[in-house]
Amino acid sequence: MERERGFSLIELAIVLVIIGFLMAAVLQGQKVYWNARMNRIVQDMKDYRQYFLIYYQTWGMYPGDEDDPNFPAADSYEGNHNGRIDSAAEAENVWEDLNHSMDVVRKNSPVRGGVYEFGSMDFGFGVRNYISVTNIYNRMAEAIDARHDDGIWDSGNIRSRDPYSGGDDLTVLYWRL
């Protein structure tokens with residue numbers, strides 16, 4: 001009697017175990033990549049917050065909002081010196097002031113071409129300055145808020161433009177300075 005050719009149950013089980021290990025490794029790699037991008041955004045926002053506050057501590061006025069025509073060197077715009085980044089011109093000039101005074105370079109977000117921006121908004125206890133990141137995944141914004149604040153999209157020191165949905169739709173994340 002001739003033996004039929006094919007795989008034994010043991011051989012199939014070994015192949016399935018190997019495939020399972022490979023899938024687990026790929027999924028874990030995606031999680032590591034996701035967390036790395038999220039941590040990069042958080043660190044960038046903390047760094048820019050620190051530069052913003054060092055500028056204020058050193059020169060007594062916020063970058064972009066300053067009204068000294070002689071500082072920083074090559075300054076092209078004078079703010080209204082009211083303590084808030086409350087116009088598009090002031091928001092853009094924050095980067096110029098930080099660059100000219102401390103060599104700070106504006107980076108893009110590691111997610112979907114987003115950018116970091118400064119501005120001001122009401123955080124529930126008065127208008128405060130913020131650093132924001134645009135084009136961030138809604139679920140990533142929710143994770144950052146939950147890890148570093150209260151996890152509620154419209155309260156606390158970290159807020160989102162849109163309610164948290166847990167999806168990949170894009171939103172803006174604001175972090176109070």
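The present account deals with the structure reproduced in this document. Computed from a prediction, not measured in an experiment: that's the story for all the values here.

### A look at the packing of aromatic side chains
Phase 1: Here the structure, examined in full by the defined rule, presents nine aromatic pairs.
Phase 2: Seen from their ring centres, Y48 and W95 are 4.8 Å apart, and the 85° between their planes marks the pair as edge-to-face. Placement of the pair is Y48 in helix α1 (residues 9-59) and W95 in helix α2 (residues 88-102), with a sequence separation of 47 residues.
Phase 3: Residue class for W95 comes out buried when judged on its relative accessible area of 7%.
Phase 4: Taken together, a centroid distance of 4.9 Å and an interplanar angle of 80° make the contact between Y130 and Y174 edge-to-face. One end of the pair, Y130, is in strand β2 (residues 127-137); the other, Y174, is in strand β4 (residues 170-176), and 44 residues separate them in sequence. You'll find Y130 and Y174 in the same group, each marked buried.

### A few points about unusual backbone geometry
Phase 1: For D103, which is not glycine, the phi torsion reads 60° and is therefore positive.
Phase 2: Among the structural elements, D103 can be located in the loop between α2 and β1 (116-122).
Phase 3: Positioned with a positive phi, N135 is a non-glycine residue whose angle comes to about 55°.
Phase 4: On the basis of relative accessible area, N135 is assigned to the partly exposed category, the value being 30%.

### Here we look at the pattern of salt bridges
Phase 1: Inspection of the entire model under this criterion finds five salt bridges.
Phase 2: Of the charged contacts, one joins K107 and D44 as a salt bridge, the two residues approaching to 2.9 Å between their closest N and O atoms. With K107 in the loop between α2 and β1 and D44 in helix α1, this pair connects stretches of sequence that are 63 residues apart.
Phase 3: Accessibility expressed as a relative area gives 2% for D44, which makes it buried.
Phase 4: When the shortest N-O distance is used, the salt bridge between R139 and D168 registers 2.5 Å. With R139 in helix α3 (residues 138-148) and D168 in the loop between β3 (158-160) and β4, the pair connects residues that are 29 residues apart, well separated along the chain.
Phase 5: The partly exposed category is assigned to R139, whose relative accessible area is 34%.
Phase 6: Among the charged side chains, a salt-bridge network with shared partners connects R40, D44 and K107.

Parameters and conventions
- Residues numbered from 1 in each chain as written.
- Predicted model: local features only at pLDDT ≥ 70, side-chain atom pairs only at ≥ 80, totals over all residues.
- Heavy atoms only, no water.
- Phe/Tyr/Trp six-rings, centres within 6.5 Å; stacked < 30°, edge-to-face > 60°.
- Helix = DSSP H or I, 4+ residues; strand = E, 2+ residues; numbered from the N terminus.
- Buried < 20%, exposed > 50% of the residue type's maximum accessible area, 1.4 Å probe, protein only.
- Salt bridge = Lys/Arg side-chain N within 4 Å of Asp/Glu carboxyl O.

So far we have only geometry, and geometry alone does not tell us how the molecule works.
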